[in-house]
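# Chains, contacts and geometry: an overview
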Amino acid sequence: MIVTQCWDDGVHDDIRVADILRKYNAKGTFNLNPGLHKSTRELSWNFKTPSGISKEVYRLGIDEFKSTYEGFDIAGHSMTHPHPTAIPLEAWQSEVADCKKWLEDFFGFEVRGFAYPFGQYSDPVKEVVRECGHTYARTVTNVDKPFPPEDPMALHSHCHFLSPDFMQKFEKVRNEDGIFYFWGHSYEICSEQMWSDFENKIKAISKTSGVKWEFIADLI
Ligand SMILES: [Zn+2]
């Protein structure tokens, strides 16, 4: 079976996620909003954790991009994370095209994928992402069988990484020798227990016989 994953928003906890993925030779794609990052790390917002604690979320500095994402794939998430269907189509076009160009100029490789901010899209929004040269765009919809996608510009996943039935879904796909796809935000990992649970998941997947990690863009 194949396993693929992606992470949104380019925040400081991506460093720890990336380190865990490297430790278990897991491939992953990070979806970035280059227009929201300063040259150095900056406090961005307070995330309310499930236990009601407020957690500071920092956007990575551009000076941390290369070391954080070395060896991983990068996909677009728009320049500034607007609601795609709430802005004029020309503005959306710039958000998508400028993002792809920025990331390609910076990282030096082709940016093939995209993730819709807030998971929001419409037919014209999808068309812009396709016209800008992306091969797929991820939604936040969960489905039983994301691959092969009916429409790669509305690529769904199996589940979010904190989904209570994550391992059951993984096992089901394993029995079918299919492609398992999950996504998340690293800032949602907000205690040492959660970090340990996450590492155990990645470790369990990597140690499962027959598992091959792939980048999403290589599966389209
Ligand atoms: Zn996002």
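Shown above is the structure to which this text applies.
To keep things clear, this report deals only with the structure shown in the data block. Predicted model only: the values in this text are computed from it and were never measured.

## Considering the pattern of salt bridges
- Scanning the entire structure with this criterion turns up 18 salt bridges.
- Here the salt bridges share partners, and the residues they tie into one network are Lys27, Lys212 and Glu214.

## Here's the deal with the environment of Cys132
- Along the chain, the position of Cys132 falls in the loop between helix H4 (123–131) and strand E7 (136–142).
- On the basis of relative accessibility, which here comes to 17%, the residue Cys132 falls in the buried class.
- Separated by 31 residues in the primary sequence, Cys132 and Lys101 have C-alpha atoms spaced 9.7 Å apart.
- If we ignore the near neighbours within four places in the chain, the residues touching Cys132 are Gln93, Val96, Ala97 and Lys100.

## Quick notes on the nonpolar core
- Residues Val3, Leu21, Phe30, Phe180, Phe182, Phe198 and Ile202 are the most contacted members of the largest nonpolar core, which totals 35 residues.
- Listing elements by their share of this core, those giving two or more residues are strand E1 (2–8), helix H1 (14–23), strand E2 (29–32), helix H2 (65–69), helix H3 (89–107), helix H5 (166–175), strand E10 (179–184) and helix H6 (192–207).
- For Val3, the contacting residues outside a window of four places in its chain are Phe170, Phe180, Phe182, Ile205, Val211, Lys212, Trp213 and Glu214.
- Formed by 10 residues, the second largest nonpolar core is a distinct cluster that contains Val96, Phe114, Tyr116 and Cys132.

## Details of the side chain of Asn33
- Residue position: Asn33 is located in the loop between E2 and strand E3 (42–48).
- The exposure class assigned to Asn33 is buried, which follows from its relative accessible area of 0%.
- Apart from residues lying up to four places away in sequence, Asn33 is in contact with Asp9, Arg59, His77, Ser78, Met79 and His81.

Parameters and conventions
- Residues numbered from 1 in each chain as written.
- Predicted model: local features only at pLDDT ≥ 70, side-chain atom pairs only at ≥ 80, totals over all residues.
- Heavy atoms only, no water.
- Salt bridge = Lys/Arg side-chain N within 4 Å of Asp/Glu carboxyl O.
- Helix = DSSP H or I, 4+ residues; strand = E, 2+ residues; numbered from the N terminus.
- Buried < 20%, exposed > 50% of the residue type's maximum accessible area, 1.4 Å probe, protein only.
- Contact = heavy atoms within 4.5 Å.
- Core = buried A, V, L, I, M, F, W, Y, C linked by side-chain atoms within 4.5 Å.

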